[in-house]
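Chain by chain, the residues:
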Amino acid sequence: MTDVWEPTAVANREAAVAEAAVRLTRAAHDRQPCAPVRDLLGASDISLAYAVQRRVIGDRIAAGARVVGRKIGLTSESVQRQVGVDRPDFGVLLDDMDVTGLPAVPSDRLLQPRVEAEIAFVLAEDLDDDDLDVERVRAAVGHAVAALEIVDSRVADWDIAITDTVADNASSGLFVLGQQQVGVGEFEPRGVTMRLYADGKLASEGDGAACLGDPFAALLWLARTAREFGDPLRAGQVVLSGALGPLVPTPPGITVRAEMSGLGSVTATFSPKERQG
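Note that the coordinates shown come from a computational prediction; the quantities given were computed from them, not determined experimentally.

A. Looking closely at the overall build of the chain. Of regular secondary structure, the chain possesses 7 helices and 11 strands. For the chain, the C-alpha radius of gyration of 18 Å lies close to 19 Å, the compact-globule estimate for 277 residues. Taking the principal axes of its C-alpha atoms as reference, the chain extends roughly 50 × 50 × 35 Å. Burial analysis of the chain (277 residues in total) assigns 52% to the buried set. Put simply, of all contacts in the chain between residues at least 6 apart along the chain, 75% involve residues at least 24 apart. When the accessible area of the chain is evaluated, it comes to approximately 12000 Å², of which 49% is carbon and sulfur surface.

B. Region of the structure containing the layout of surface pockets. Of the volumes computed, that of the second largest pocket is approximately 510 Å³. Forming the boundary of the second largest pocket are 22 residues, of which Ala28, His29, Arg31, Arg60 and Arg154 lie nearest the centre. Here the lining of the second largest pocket takes 5 residues from helix H3 (residues 46-62), the largest share from any one element.

C. Main features of the packing of aromatic side chains. Overall, the coordinates contain 5 aromatic pairs when judged by the stated rule. Between the aromatic rings of Phe90 and Phe229, the centroid separation amounts to 5.5 Å while the plane-to-plane angle is 90°, which identifies the pairing as edge-to-face. With a gap of 139 residues between them, Phe90 in strand S2 (residues 89-94) and Phe229 in the loop between helix H7 (215-228) and strand S8 (238-243) connect regions that are remote in the sequence. Every member of this aromatic cluster is reached through a ring pair, and the members are Tyr50, Phe90, Trp221 and Phe229.

D. Spatial organisation of the sheet that holds strand S7 (residues 201-207). Taken in spatial order, the 4 strands line up as S7-S6-S10-S11 in an open sheet, and their pairing is antiparallel. The strands lining the two open edges of the sheet, one partner per strand, are S7 and strand S11 (264-269). Pairs of neighbouring strands in the sheet enclose a mean axial angle of 15°, with direction left out of account. Across 6 bridges, the pairing between strand S6 (residues 193-198) and S7 is antiparallel. Looking at S7, one finds that Thr193 is bridged to Asp207.

E. Focus on the pattern of salt bridges. Per the counting criterion, the structure on display carries 17 salt bridges. The partner of Asp231 in a salt bridge is Arg70, with the nearest N and O atoms 2.9 Å apart. Linking Asp231 in the loop between H7 and S8 with Arg70 in strand S1 (residues 67-73), this pair joins segments that are 161 residues apart in sequence. Exposure remark for Asp231: the relative accessible area of 44% places this residue in the partly exposed category. Residue classification places Arg70 among the buried positions, given a relative accessible area of 2%. Of the charged contacts in the structure, one is a salt bridge between Arg234 and Asp128, with a shortest N-O distance of 3.0 Å. Of this pair, Arg234 sits in the loop between H7 and S8 while Asp128 sits in the loop between strand S3 (114-123) and helix H5 (134-140), and the two are 106 residues apart along the sequence. A relative accessible area of 34% places Arg234 in the partly exposed class.

F. Molecular detail of the pairing of S11. As paired strands, strand S10 (residues 255-260) and S11 are joined by 6 bridges and run antiparallel to one another. Opposite Arg257, over in S11, you have Thr267 as the bridge partner. Linking S10 to S11, which pair antiparallel, is a turn of 3 residues; within it Gly262 sits at a positive phi near 85°.

Conventions we followed
- Residues numbered from 1 in each chain as written.
- Predicted model: local features only at pLDDT ≥ 70, side-chain atom pairs only at ≥ 80, totals over all residues.
- Heavy atoms only, no water.
- Helix = DSSP H or I, 4+ residues; strand = E, 2+ residues; numbered from the N terminus.
- Rg over C-alpha atoms; globule rule 2.2 N^0.38 Å.
- Buried < 20%, exposed > 50% of the residue type's maximum accessible area, 1.4 Å probe, protein only.
- Contact = heavy atoms within 4.5 Å.
- Areas by Shrake-Rupley, 256 points an atom, 1.4 Å probe, with all protein chains shown as cover.
- 1 Å grid on protein atoms, 1.4 Å probe; cavity = no way out; pocket = protein on both sides within 12 Å on 5 of 7 lines; lining within 4 Å.
- Points joined across faces, edges and corners; volume = space filled by probe spheres on them.
- Phe/Tyr/Trp six-rings, centres within 6.5 Å; stacked < 30°, edge-to-face > 60°.
- Pairing = 2+ DSSP bridges.
- Axes fitted to C-alpha atoms, helices over the stretch in contact; angles between N-to-C directions.
- Salt bridge = Lys/Arg side-chain N within 4 Å of Asp/Glu carboxyl O.

This is the structure we're talking about:
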């Protein structure tokens, strides 16, 4: 397999980044999915795709948003095979993506959402060491909670290759955190079992091993990658470590609840109406 981190022959890389960022930003603002951006970036140039992600996130920060963490995507081998890669990706979590305290998830902020249940790690220490290993990242975790990640794609019909999802902030949308905080010495993430219910019916199930074999392995990958990008993980940040089971569509009005062994449950109800006009 070709190393997808290597740049490809895009004639004007800066122009491609700018145009892709505008396309994705407009889709999010207008609530109208756009064409894939791989026509601008190529289908495998992850370096270029992350440059788009940084541009889009930088614009949101300039407009007042604040970074509160990261999310890890493509942690499932089946999903990796689907988009032709052999590694995960990551996106940035901003404060306005956290809808934990809202009475309902605002459906009018979403285009084509799906939900997945995950273990969220909240860091108590920075992870900027030169020599990171599983024990170091485990020690840096303050606590874990059950979480729902509401993934979304600005690309029409989820027609995505790896460069599309990376550029689109790893298809991030919103997230909801559970209330039960559990120390890492009180449970083993790899052994967590998960059941996700949609309007009371079982819709997805899985376990911690579905997340790169161990959610701590996913956290280690992210910590090393973030440090290499010059933006290491910091104390207080939330890390959504990756899906424990298949995605579930979330139309307006639906209620989803994930139950995780050792972590309790987390519930989200989606507002019943899309924005009009």
